[in-house]
Amino acid sequence: MKMIIGGAYQGKLAYAKKQNPYIHWTDGELCEGDNIFEAEGVFHFEKYIQSMIKKENWSEKEAIDFASKLIKKCPDIVIVTQEIGYGLVPVDAFERRYRELTGRICTVLAANSDQVDRVVCGIGVTIKGGDTK
Amino acid sequence: MFHLITGGSGSGKSEYAEQKLMEYASHSKRNKKRYYIATMMPFGKETEKKIARHRRLRAGKGFETIECYTDLKKAAEVLQTKETGSVLLECMSNLVANEMYDPSGAGGNAEESILAGIRKLQKVSDDLVVVTNEVFSDSMTDNPEMEKYLKLLGNVNLRMGEMADLVTEVVYGIPVERKDIKK
């Protein structure tokens, strides 16, 4: 499993495609339910989480169970996801939950990833795995 | 030793901080006592749930909890009366909000009060670990109160960054080193 993370509009997907030219990409915003487990590469992963929290009303445990299932079913998946937890705590309760649960899921996934790259201004820096450590 | 730990929401910074504190407290030349300075005021169901979650994470790790919603110096004075040990303060983002908005807070003197408190905590502890929060990548700049809060927390983070021996940003559980005076 690989993760490519970063803020919005940083060129994460372009970077991911360059690194992984031969895989099929799924848009997390359009992907529904268990279809995620068929994906080779997924972008807007945070949007998938957002829609699942909305639809399934995930608890923290359910969110972490989902992460564990993804690790088990998709050991080679490439995940492109936006870091959404770097602003002030939102006034809206759903937004707070979305940020928190996305963080929990991504922390579990990062712990199980072979490589995590963080993209800023289109430039990826490997913060886990790869040639750095 | 002063270790500053920062990260976004849900980044795993607390877990990392607790793990580091356990490590420091187990250092052979150090005292084994572990203190936790809790800054989150319990108001409403959501904060109570958050506090319960943090308690669960700390359970069985042998922390003695000192609640401190404002005026860090008081927490340092309490620590002075106890056996010396390693201290974990969590979270600076709450403390800054409390100092600014709570009636018991330092108000206009929040920054000085907090930094004086940090210096005092450094003196009375073997190792000090402070958790703060990356909340600075937002687009909400039209709210003067929010701006004031961001500026204050930003300044406190800058000063702590200067004082700290180690600064780590935790990204989804991955420690990214920002400062190490030994390097």
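Bear in mind the structure is a predicted one, so any value in this text is a computation, not a measurement.

> How should I be thinking about the confidence of the model for chain B in this particular structure?
Do not read the fine detail of predicted coordinates wherever pLDDT is low. Residues and elements named next belong to chain B. On average, chain B scores 93 in pLDDT, and the residues at 70 or more come to 98%. Predicted confidence in chain B is weakest over helix α2 (residues 44–58), with a mean pLDDT of 88, and strongest over strand β5 (residues 128–131), with 98. Here the predicted complex carries an ipTM of 0.90, next to a pTM of 0.91.

> Just checking my understanding: could you explain the packing of aromatic side chains for this structure?
Aromatic ring pairs are described here by two measures, namely the spacing of the ring centres and the angle between the planes. Residue and element names in this part refer to chain A. Applying the stated criterion to the full structure yields seven aromatic pairs over all chains. Relative to phenylalanine 66, the ring of phenylalanine 37 has its centre 6.0 Å away and its plane inclined at 50°; by these criteria the two rings are tilted. With a gap of 29 residues between them, phenylalanine 37 in the loop between β2 (25–27) and β3 (41–43) and phenylalanine 66 in helix α3 (residues 60–73) connect regions that are remote in the sequence. In this structure, phenylalanine 37 and phenylalanine 66 share a single accessibility class: buried.

> What is the right way to read the environment of isoleucine 79 of chain A from this model?
Residue and element names in this part refer to chain A. Within the fold, isoleucine 79 resides in strand β4 (residues 78–82). Accessibility expressed as a relative area gives 0% for isoleucine 79, which makes it buried. Those residues in contact with isoleucine 79 that sit more than four places away from it in its chain are Met1, Lys2, Met3, Ile4, Val42, Phe45, Leu70 and Leu109.

> Sorry if this is basic, but what is going on with the sheet that holds strand β6 (residues 123–128) of chain A here?
In any sheet, the strands associate via hydrogen bonds between backbone groups, in a parallel or an antiparallel arrangement. All names here are of chain A. If you walk across this open sheet you meet the six strands as β2-β3-β4-β1-β5-β6, and the pairing is mixed. Since the sheet does not close on itself, it has two edges, and those belong to β2 and β6, each with one partner. Strand-to-strand twist of the sheet, defined as the mean angle between neighbouring strand axes without regard to direction, takes the value 25°. Here strand β5 (residues 115–120) pairs with β6 via five bridges, running antiparallel. Opposite valine 120, over in β6, you have isoleucine 123 as the bridge partner. Taken strand by strand, helix α4 (residues 93–111) contacts β1 (2–6), β4, β5 and β6, and its axis lies near 135° from that of β1.

> I'm lost on the sheet that holds strand β1 (residues 2–7) of chain B in this one. Help?
Residues and elements named next belong to chain B. Spatially, the seven strands line up as an open sheet ordered β3-β2-β4-β5-β1-β6-β7, and their pairing is mixed. This sheet does not close on itself; its edge strands, each paired only once, are β3 (63–67) and β7 (174–180). With strand direction ignored, the average angle separating the axes of adjacent strands in the sheet is 20°. Relative to strand β4 (residues 85–90), strand β2 (residues 33–38) runs parallel, the two being bridged by six bridges. For arginine 34, the partnering residue across the bridge sits in β4 and is serine 86. Across the sheet, α2 is in contact with β2, β3 and β4; its angle to β3 comes to roughly 155°. Against the sheet, helix α3 (residues 72–80) touches β2, β3 and β4, its axis set at about 160° to β2.

> Just to check I follow, could you spell out unusual backbone geometry for this structure?
Trans is the prevailing form of peptide bonds, just as negative phi is the prevailing case for residues other than glycine. All names here are of chain B. Note the cis peptide between glutamate 90 and cysteine 91, where omega equals 5°. Tracing the backbone shows cysteine 91 in the loop between β4 and α4 (92–101). Its identity is not glycine, yet aspartate 71 carries a phi of approximately 60°, on the positive side. Mapped onto the fold, aspartate 71 is located in the loop between β3 and α3. According to the relative accessible area criterion, aspartate 71 is partly exposed, its value standing at 24%. Of note, the phi angle at tyrosine 172 is positive, near 45°, even though the residue is not glycine.

Cut-offs and rules
Residues numbered from 1 in each chain as written. Chains lettered and ligands numbered in written order. Predicted model: local features only at pLDDT ≥ 70, side-chain atom pairs only at ≥ 80, totals over all residues. Heavy atoms only, no water. pLDDT = per-residue confidence, 0-100. Helix = DSSP H or I, 4+ residues; strand = E, 2+ residues; numbered from the N terminus. Phe/Tyr/Trp six-rings, centres within 6.5 Å; stacked < 30°, edge-to-face > 60°. Buried < 20%, exposed > 50% of the residue type's maximum accessible area, 1.4 Å probe, protein only. Contact = heavy atoms within 4.5 Å. Pairing = 2+ DSSP bridges. Axes fitted to C-alpha atoms, helices over the stretch in contact; angles between N-to-C directions.

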